[in-house]
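Residues per chain are reported as follows:
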Amino acid sequence: MFASQPQPFDAQEPELKAIVLTVPDNDMYPLTERENMTKALLPIANKPMLWYILQWLEQGGVLDIKIVSTRDSEPEIANYIEVYKGMSNITVKGLSDVSGTADALRQVAPQIKGDVIVVPCDLLIDVPAMHFLDLFRIRRPAISTLFYEAMSSEGGGGSTRANLALPIIGIDQPTSRLVLHRDIDVGKDRDERKEMRLPLSLVRRFPSMAVSDKMQDSHIYVMQKWVLDYIVYNNDIESLQDDLIPLLVRAQCDPELQRKAGISKFIHPVNPEPSVAVDDIDTTQFGLPHGARALDANSDDPLKVFVYVRRGGIAGRADQIPRYCDLNYIATKISTESRIDETARLASKTQVGTDSLVGASTQIGERCSIKRSVVGAHCVIGRNVKIVNSVIMDHVTIGDGVKIESCVVCKLTKIGEDSQLNDCEIGAKVTIPSGSELKGNSFT
């Protein structure tokens, strides 16, 4: 859906092992409460969000995949993998206690024998995986990550609003090295943040550095095995985003920090040759002529962090409810699936917009209108119902005359006739009495 065809893959010696993190996310409550479903299986355009990242990995030729979840979520995800129609070798590992993304990696590290790519379960992106992985293959940094320009929210979809705290990053443009990574003090206004001081030594070393506070971390990281070994060694690292990346970025140009943090004991000697033939890689995607190698005045640095930047296009994480709704809308617009499933039944004078989807075996009564929305499978919707800018999950019952706008309604919920819901999040198995008028509420 978002990438090219799968690439050749050697099952005996996989180049990379993928770790898909599905750790809990409180920002998605009540969608992720126990009565509904684990986050990785929340529907986006009537497909589990996990489907999108698995497809992305497979289309990049990464077919050795381990999904890391909580122990409670493991059976639910394992059941989905049994029916998932893919070409990869997928295992699911449930962890009893996870304190962060780095801790999850530490717990599965004994099963990882080589380089590894770590991805979140909630990402949709149209960058072909091969393009991103080629940056790692040709440059052989310690770690590569992917940043994208944060999309503006369409609004709606629940009582909460998206709140993103984006870091300030600096990228050496000729080489794609990430040379600055600082968290923004959200208490400061934008003018104050523009006056950030930069070390003169950094500016001299990377005179072509571009600085931005508009880029979001995708939480995709591909790293050499020694970086994973270092994460296992350093228990102070809890988060890959908040702890590991800023530390490695600072340590690139600071041998003393490398020594004090224990990094120097793990760094492998710089390999001047890429892991694949340069002629086989389209280097134009990095702004270089075909077959060219980057001119890096600091090429002898033993520690390098690289970044792939995606501007425009489709890129986003369903890490907050408004963003989840935005991705539903985007995925629906570009979906190649039938707008109305062939098993769904629509009564006369009911309209379903071209920007909407209706799932299998759903029944919709007369004179209904569905716009900018996703309706799941096995739903029963009465007459004269209007649904706008909303996500309706499976097995939901909606009475006559109901109006729903900018809401998320979880599975097995019943909404009484003539109710009006605006900017609400309705948990699973909830009953909304007839005639209710609700705005900006969350119900479980």
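Computed from a prediction, not measured in an experiment: that's the story for all the values here.

**Some words on the pattern of salt bridges**
Should their charged atoms come close, side chains of opposite charge can pair.
Then step 1. In the structure shown here, the tally under the stated rule is 16 salt bridges.
Then step 2. Sharing partners across several salt bridges, the network here consists of K39, D122, R317 and D319.

**Quick word on the confidence of the model for the protein chain**
Then step 1. Per-residue pLDDT for the protein chain has a mean of 87; in total, 85% of the residues score no lower than 70.
Then step 2. Considering only residues more than four positions removed or in separate chains, one finds that residues 3-11, a stretch of pLDDT under 50, has 16 contacts.
Then step 3. A low-confidence stretch, residues 271-281 (pLDDT under 50), is modelled with 23 contacts involving residues beyond four sequence positions or located in other chains.

**Remarks on the sheet that holds strand β16 (residues 351-352)**
Then step 1. Strand order in the open sheet formed by six strands is β16-β19-β22-β25-β28-β31, and the pairing between neighbours is parallel. One side of each edge strand has no neighbouring strand; the edge strands of this open sheet are β16 and β31 (437-439).

**Side note on the sheet that holds strand β17 (residues 357-358)**
Then step 1. With parallel pairing, the six strands of this open sheet are ordered in space as β17-β20-β23-β26-β29-β32. Looking at strand neighbours, the two that pair on one side only are β17 and β32 (442-443), the edges of this open sheet.
Then step 2. Strand direction decides the pairing type here: strand β20 (residues 374-375) and strand β23 (residues 391-392), joined by two bridges, are parallel. In the strand pairing of β23, V374 is matched with V391.

**Digging into the pairing of strand β12 (residues 215-223)**
Then step 1. With nine of nine residues buried, β12 lies mostly within the body of the structure.
Then step 2. When strand β6 (residues 116-120) meets β12, the two strands line up antiparallel, connected through three bridges. Residue pairing for β12: I117 is matched across the bridge by V222.
Then step 3. Of the strand pairs in this sheet, strand β8 (residues 143-149) and β12 are connected by six bridges, and their pairing is antiparallel. Within β12, the residue paired with Y148 across the bridge is Q216.

What counts and what doesn't
- Residues numbered from 1 in each chain as written.
- Predicted model: local features only at pLDDT ≥ 70, side-chain atom pairs only at ≥ 80, totals over all residues.
- Heavy atoms only, no water.
- Salt bridge = Lys/Arg side-chain N within 4 Å of Asp/Glu carboxyl O.
- pLDDT = per-residue confidence, 0-100.
- Contact = heavy atoms within 4.5 Å.
- Pairing = 2+ DSSP bridges.
- Helix = DSSP H or I, 4+ residues; strand = E, 2+ residues; numbered from the N terminus.
- Buried < 20%, exposed > 50% of the residue type's maximum accessible area, 1.4 Å probe, protein only.

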